[in-house]
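An overview of the molecular structure
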Amino acid sequence: MNSSSSNNSHLKQDLDPQSDRSSDHYSQPHPLQSQPQPQSQQRRPRGFAATATAAAAMGVAVAGKGKKEREKEKERTKLRERHRRAITSRMLAGLRQYGNFPLPARADMNDVLAALAREAGWTVEADGTTYRASPPPPPQVGAFPVRSVESPLSASSLKNCSTKASLDCQPSVLRIDESLSPASLDSVVVAERDMKSDKYTSASPINSPECLEPDQLMQDVRPGEHGNDFTGTPYVPVYVMLATGAINNFCQLVDPECIRQELRHLKSLHVDGVVVDCWWGIVEAWSPQKYEWFGYRELFNIIREFELKLQVVMAFHEYGGNDSGCVLISLPQWVLEIGKDNQDIFFTDREGRRNTECLSWGIDKERVLKGRTGIEVYFDFMRSFRTEFDDLFAEGVISAVEIGLGASGELKYPSFSGRMGWRYPGIGEFQCYDKYSQQNLRKAAKLRGHSFWARGPDNAGQYNSKPHETGFFCERGDYDSYYGRFFLHWYAQSLMDHADNVLSLASLAFEEMQIIVKIPAVYWWYKTTSHAAELTAGYYNPTNQDGYSPVFEVLKKHSVMMKFVCSGLQVSCQEIDEALADPEGLNWQVLNSSWDRGLTVAGQNALPCYDREGHMKIVETAKPRNDPDCRHFSFFVYQQPLPLVQRTICFSELDYFIKCMHGEIAPDP
């Protein structure tokens, strides 16, 4: 019995040596412990001490957690403040553009309230005292005639609609089934808008069917049914582009009296404002960072005398060609001198020919311009303009700034250069063969895991080739191969990266100012599967891709307005058949894609219009009457090659066009 318990004791000690050492510690002291030794571990507190220690630890943890929460709340507050400022900025920009409110550049809500009160007929003094100078006019009776038509919409509901609502609410393009009940009718009209955008989810008097006449809800509305009657359509401001050549290459105003005469004509036509190109090649022509603005200062002062709004264009491209007459504006001379030693600062085609129309996007972050990168040069130019004309910004004379991002000031590659022999409807050529762009291509191919893809396509044809004549753009061509998709994605991404980089700095230079970017209209070969001309221009938009949505996401990121070049409105049927062009299809895709992303959209004509038919096509594009959401251009820029006083243009036609854009014209008798 004893031996058995002894064996069990030894077995327990072998299996649990820790328990053995613990028991020996209390049974008999170790010889080395005859002297008092410090304890290697603190004894765990018990009782009240344990409670106090736990409370202290918990307090430290809570304090740390509270500090993190305060930091998070600070970040959330910053985000809310930025969001609030962005909304305020858009409100101020809209009041300046559409309401012609003379708000200062850094207006606050007091300025806005005062401007709105004065517009409504109130008197606002400098100390804020507000009163109505005269009694309000009596309300108009019978502003909304009631028709004796059996309908679930009552006469009172029609009278409740404001005048603005009746103008803004256009008939739906949907054909409503007459068998629908009133409840189902409301659900059809409102739900159709809910699916398109969250901003239509709340039923308001403007968007509800109560704002429409009963007979309007029960029939289709087609543009042709109204002819040229644009009475009551939305007001679209019209700006006129002043002809290039008013400022010479030495930044001098050539003929001030001619400018005054031109502005006098425009003022008589009730034009809302003018657009002026500020040429990089003139202002910074001779030396880096030496800017000459005196000619533009004289021109802007004359524009201010006529109380016209002013939009300016930061023109970083070259001007001159077959349609430019004797006017030629190159890039700055000091840039051209650099280009003699380093021709890779310019866009280059597959044959190695350099295009000096604008700088290659490959040098956006390369210090090859006297110690500066490409985007730094652009930023310094924009910052100099903002500083020089700070008074015009403060007075609200300058209403918007357009940023040139490529050839012709448009966001595109210079793929259709006339000096290279291009003629319409050629597909153009890829412009990515300078050494800096090739370096970026090699990096992208290596990152993709296929270094041998670091090359441009060798079967993409020439400037004047047609898609079916090439192995790359033809039906089932290499554009849709693995390599083709990689290259075209990189090519388009370079365009978007350039826009992102420049617009980031433009937002800093022109804080709280409306910024505009011009998008080209490459409509030829639009009916082919590859969309070859759009691909060489930098828009990856074949039939199985949407090449404009990613670009518009970049513009939305910087709260930029998109200005679309309305081109191809006067293309003949023969040209459409030969080039498989589709101007209307391209217009539909670009405009709807931008509107669906919440962008503000403006327009500009590519070629001058001299007849009423061309003008009416522009008006129909600017404010389509069959759009169920009543969307339209925020403004339109009328471009002309020569001053009005030097041309034989019919002023009555231009006057008719402007009145149609303003929604004032009545149908032809």
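As the structure is a computational prediction, the values presented were derived from the model and not from experiment. (Residues numbered from 1 in each chain as written. Predicted model: local features only at pLDDT ≥ 70, side-chain atom pairs only at ≥ 80, totals over all residues. Heavy atoms only, no water.)

Each helix and strand in the protein was counted, giving 22 helices and 12 strands. Across the 669 residues of the protein, 47% fall into the buried class. Looking at the protein alone, contacts between residues at least 24 apart form 74% of all its contacts between residues at least 6 apart. In the structure as shown, the protein presents an accessible area of about 35,000 Å², 53% of it carried by carbon and sulfur atoms. (Helix = DSSP H or I, 4+ residues; strand = E, 2+ residues; numbered from the N terminus. Buried < 20%, exposed > 50% of the residue type's maximum accessible area, 1.4 Å probe, protein only. Contact = heavy atoms within 4.5 Å. Areas by Shrake-Rupley, 256 points an atom, 1.4 Å probe, with all protein chains shown as cover.)

Below, the discussion takes up the pairing of strand S7 (residues 354-359). Pairing of strand S6 (residues 346-348) with S7, which is carried by 3 bridges, proceeds in the antiparallel orientation. Within the sheet, the bridge partner assigned to threonine 348 lies in S7 and is arginine 354. Linking two consecutive strands that pair antiparallel, namely S6 and S7, is a turn of 5 residues; a positive phi of about 85° is found at glycine 352 within it. (Pairing = 2+ DSSP bridges.)

With parallel pairing, the 8 strands of this closed barrel are ordered in space as S3-S4-S5-S8-S9-S10-S11-S12. Recorded for the sheet is a direction-independent mean angle of 30° between the axes of neighbouring strands. (Axes fitted to C-alpha atoms, helices over the stretch in contact; angles between N-to-C directions.)

Next up on the list: the nonpolar core. Grouped together as the largest cluster of nonpolar side chains are 146 residues, with contacts concentrated most on Tyr296, Phe300, Met314, Phe385 and Ile403. With 15 residues, the top contributor of residues to this core is helix H16 (residues 482-509). Non-local contacts of isoleucine 403, meaning those with residues more than four positions away in its chain, are made with Met314, Met382, Gly409, Val502, Leu503, Ala506, Phe510, Ile515 and Ile516. In this structure, Tyr239, Met241, Ala400 and Phe635 belong to the second largest nonpolar core, which totals 10 residues. (Core = buried A, V, L, I, M, F, W, Y, C linked by side-chain atoms within 4.5 Å.)

Quick look at helix H15 (residues 435-448) now. Here H15 spans 20 Å end to end across 14 residues, near enough to the 20 Å set by a 1.5 Å rise per residue. Taken together, the buried positions of H15 are Tyr436, Ser437, Gln438, Leu441 and Ala445. In this structure, the buried residues of H15 make contact with H16. (Expected span 1.5 Å × (residues − 1).)

For the coordinates displayed, the defined rule picks out 24 salt bridges. Residue lysine 340 is joined to glutamate 337 by a salt bridge in which the shortest nitrogen-to-oxygen separation is 3.2 Å. Taken as a pair, lysine 340 and glutamate 337 lie in helix H12 (residues 333-341) at a separation of 3 residues, close to a single helical turn. Since its relative accessible area comes to 57%, lysine 340 is described here as exposed. According to the relative accessible area criterion, glutamate 337 is partly exposed, its value standing at 43%. Close ionic contact of arginine 631 with aspartate 627 constitutes a salt bridge, the shortest N to O distance being 3.2 Å. You'll find arginine 631 and aspartate 627 in the same group, each marked buried. Residues joined in a network through salt bridges with shared partners are Glu284, Arg372, Asp380 and Arg383. (Salt bridge = Lys/Arg side-chain N within 4 Å of Asp/Glu carboxyl O.)

The element strand S9 (residues 514-519) is extensively covered by neighbouring structure, given that 6 of its 6 residues are classed as buried. Here S9 shows a buried face lined by Gln514, Ile516 and Lys518 and a second buried face lined by Ile515, Val517 and Ile519. Across 3 bridges, the pairing between strand S8 (residues 398-403) and S9 is parallel. What sits directly across from alanine 400, in S9, is glutamine 514. In this structure, S9 lies alongside strand S10 (residues 561-566), joined through 4 bridges in parallel fashion. Residue valine 517 lies in a different strand from S10, and its bridge partner there is methionine 562.

Here tyrosine 424 and proline 425 are connected by a cis peptide whose omega angle stands at 10°. Within the secondary structure, proline 425 sits in the loop between S8 and H15. In this model, glutamate 512 sits at a positive phi of 65°, which is unusual for a non-glycine residue. In this fold, glutamate 512 is placed in the loop between H16 and S9. Phi is positive for cysteine 630, which is not a glycine, with a value near 55°.

In this section: a nonpolar patch on the surface. A cluster of nonpolar side chains, Ile87, Met91 and Met109, forms an exposed patch at the surface whose accessible area comes to about 260 Å². Mapped onto the elements of the fold, methionine 109 is located in helix H4 (residues 109-119). (Patch = residues over 30% accessible without salt bridge, like charges linked within 9 Å, V, L, I, M, F, W, Y side chains within 5 Å.)

Further remarks concern the side chain of serine 437. With respect to the secondary-structure elements, serine 437 resides in helix H15. Here the side chain of serine 437 touches aspartate 434 through a polar contact of 2.9 Å, side chain to side chain. (Polar contact = N/O pair within 3.5 Å; in protein donor to acceptor, adjacent residues only side chain to side chain.)

So, about the confidence of the model for the protein. Chain-level statistics for the protein give a pLDDT mean of 78 and a share of 70% at 70 or above. Per-residue pLDDT stays below 50 along residues 1-41; that stretch engages in 3 contacts with residues further than four places along the chain or on separate chains. In this model residues 135-226 is a low-confidence stretch, pLDDT under 50, and it forms 81 contacts with partners more than four residues away in sequence or in other chains. (pLDDT = per-residue confidence, 0-100.)

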